[in-house]
Amino acid sequence: MAANVWFGRRLPGGAMRAVLREHRRANARKRALTRDVARLMLVASVLVLGVLAVEIGRKAVTIISHGAAQNSVELTG
């Protein structure tokens with residue numbers, strides 16, 4: 001915006017306020033979009049972590065059940 005500073009001084013008070021108001025609104029829209037993207041990424045990462053936790057739990061149950069099955073076999077010789 002430094003390149004456009006010269007024309008800001010030549011605008012009358014009402015026009016200058018309108019330009020600043022529009023600039024603030026544009027920045028607010030950008031911040032809102034950034035917040036929405038951040039929320040979406042947070043939800044996606046929590047879902048991925050939940051799926052990973054379930055899969056790790058399933059794997060642990062499988063390993064434990066296989067270990068229990070091997071220990072229950074008796075060898076008579």
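What you see is a predicted model, and the numbers here were worked out from it, not measured in a lab.

Now for the overall build of the protein. The number of helices and strands found in the protein is 2 helices and 0 strands. Per-residue burial over the protein gives 1% buried out of 77 residues. A total accessible area of about 7,100 Å² is found for the protein, and carbon and sulfur atoms account for 67% of it.

Before going further, it helps to spend a moment on a nonpolar patch on the surface. A cluster of nonpolar side chains, V48, L49, L52 and I56, forms an exposed patch at the surface whose accessible area comes to about 410 Å². With respect to the helices and strands, the residue L52 is situated in helix α2 (residues 13-71).

Once that is clear, we can look at a positive patch on the surface. A surface patch of positive charge is lined by R17, R21, R24 and R25. Note on placement: R25 falls in helix α2.

Looking now at the pattern of salt bridges. This structure, assessed with the given rule, holds 3 salt bridges. Between R29 and E22 there is a salt bridge whose closest N-O contact spans 3.5 Å. The salt bridge involving R58 is made with E55; its shortest N-O contact spans 3.3 Å. Within this pair, R58 and its partner E55 are both found in helix α2, separated by 3 residues, close to a single helical turn.

Definitions and limits used
Residues numbered from 1 in each chain as written. Predicted model: local features only at pLDDT ≥ 70, side-chain atom pairs only at ≥ 80, totals over all residues. Heavy atoms only, no water. Helix = DSSP H or I, 4+ residues; strand = E, 2+ residues; numbered from the N terminus. Buried < 20%, exposed > 50% of the residue type's maximum accessible area, 1.4 Å probe, protein only. Areas by Shrake-Rupley, 256 points an atom, 1.4 Å probe, with all protein chains shown as cover. Patch = residues over 30% accessible without salt bridge, like charges linked within 9 Å, V, L, I, M, F, W, Y side chains within 5 Å. Salt bridge = Lys/Arg side-chain N within 4 Å of Asp/Glu carboxyl O. Lys, Arg positive; Asp, Glu negative; His and termini not counted. Charge placed at Lys NZ, Arg CZ, Asp CG, Glu CD.

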